[in-house]
Amino acid sequence: MRILIAEDDSIIADGLCRSLRGSGYAVDRAANGMEADTALVSTAYDLLILDLGLPKLSGLEVLKRLRSRGSALPVLILTAMDGTEDRVRGLDLGADDYMVKPFELPELEARVRALTRRSGGAAPTVQFGPLSYDQVGRVALIDGEPLDLSARELGLLEVLLSRSGRLVSKDQLVDQLCGWGEEVSHNAIEVYVHRLRKKLEPGGVRIATVRGLGYCLEKPQENRSA
Ligand code: CA
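Small disclaimer: the values here were computed from a predicted structure and weren't measured.

Draft legend 1. Spatial organisation of the overall build of the protein chain. A tally of regular secondary structure across the protein chain gives nine helices and 11 strands. In summary, the protein chain has a C-alpha radius of gyration of 19 Å against a globular reference of 17 Å for 226 residues, a match within 12%. Split into buried and exposed, the 226 residues of the protein chain put 47% on the buried side. Nonlocal contacts in the protein chain, meaning residues at least 24 apart in sequence, comprise 57% of its contacts between residues at least 6 apart. Averaging the locations of the 29 positively and 33 negatively charged side chains of the protein chain gives two centres separated by 5 Å.

Draft legend 2. Inspection of the domain arrangement of the protein chain at higher detail. Along its sequence, the protein chain is carved into domain 1 (2–119) and domain 2 (125–222). One C-alpha centre belongs to domain 1, the other to domain 2, and the line joining them spans 27 Å. Here domain 1 meets domain 2 over a buried area of about 1,200 Å², counting both sides, of which 47% is carbon and sulfur. Summed over the three residues of domain 1 that lose the most area to domain 2, namely R2, R113 and R117, the buried surface amounts to 37% of that side. One can count one salt bridge joining domain 1 with domain 2. A salt bridge links R2 to D175, with the nearest nitrogen and oxygen atoms 3.7 Å apart. Along the contact surface separating domain 1 from domain 2 lie two residue pairs in polar contact (both at pLDDT 80 or more). The leading source of residues in the side of domain 1 that touches domain 2 is strand β2 (residues 26–30), at four residues.

Procedures and definitions
- Residues numbered from 1 in each chain as written.
- Predicted model: local features only at pLDDT ≥ 70, side-chain atom pairs only at ≥ 80, totals over all residues.
- Heavy atoms only, no water.
- Helix = DSSP H or I, 4+ residues; strand = E, 2+ residues; numbered from the N terminus.
- Rg over C-alpha atoms; globule rule 2.2 N^0.38 Å.
- Buried < 20%, exposed > 50% of the residue type's maximum accessible area, 1.4 Å probe, protein only.
- Contact = heavy atoms within 4.5 Å.
- Lys, Arg positive; Asp, Glu negative; His and termini not counted.
- Charge placed at Lys NZ, Arg CZ, Asp CG, Glu CD.
- Domains from an automatic or database assignment.
- Buried area = accessible area lost by both parts, 1.4 Å probe.
- Salt bridge = Lys/Arg side-chain N within 4 Å of Asp/Glu carboxyl O.
- Polar contact = N/O pair within 3.5 Å; in protein donor to acceptor, adjacent residues only side chain to side chain.

Here it is in structure tokens:
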């Protein structure tokens with residue numbers, strides 16, 4: 001899952017960024033409306049967290065441009081306490097949810113989970129053979145037993161599951177797991193895959209390596225037929 005944070009207040013942006021990266025999301029930051037608009041044109045995101053009071057181009061204008069391009073990207077707007085009018089305009093322009101500053105990070109993360117789940121149009125729980133994944137609580141179970149996964153492993157599993165058994169290239173994984181300025185090499189991706197694989201394999205779910213191309217998730221019965 002890749003999230004763009006458009007926020008000019010660096011303290012708020014830093015906090016959001018750290019918290020969301022810590023939960024395994026790839027996070028990019030834009031410090032003004034023009035940067036946000038450019039990023040939204042060039043990069044595929046799963047969610048936009050949009051401050052309405054942005055320099056260069058207002059948050060409302062960023063939102064208007066996004067929707068005029070036909071994008072259905074989920075948008076969570078951040079507004080000041082006295083910004084009732086802006087909030088209403090934002091929702092009218094197609095924002096999906098809003099939070100009033102100052103906000104609590106756990107509540108924001110809960111909204112992020114709800115919005116990123118809704119965007120996939122998927123059920124709250126994804127089933128893949130013996131593996132079930134609760135997209136709201138971000139908990140993975142194999143045969144009912146919870147898996148102890150790091151934030152990176154969780155992010156990796158989400159990407160593999162979102163492709164439901166189709167091939168995912170290393171470049172796609174780097175793109176989905178890392179924000180701008182975060183250096184993650186193909187070697188590091190191999191390490192994350194190795195660790196996640198070891199946790200999934202006792203339950204019969206495999207991460208197959210397609211040499212030179214990437215990875216795909218396999219259910220137990222596919223292992224046998226292969
Ligand atoms: Ca601002």
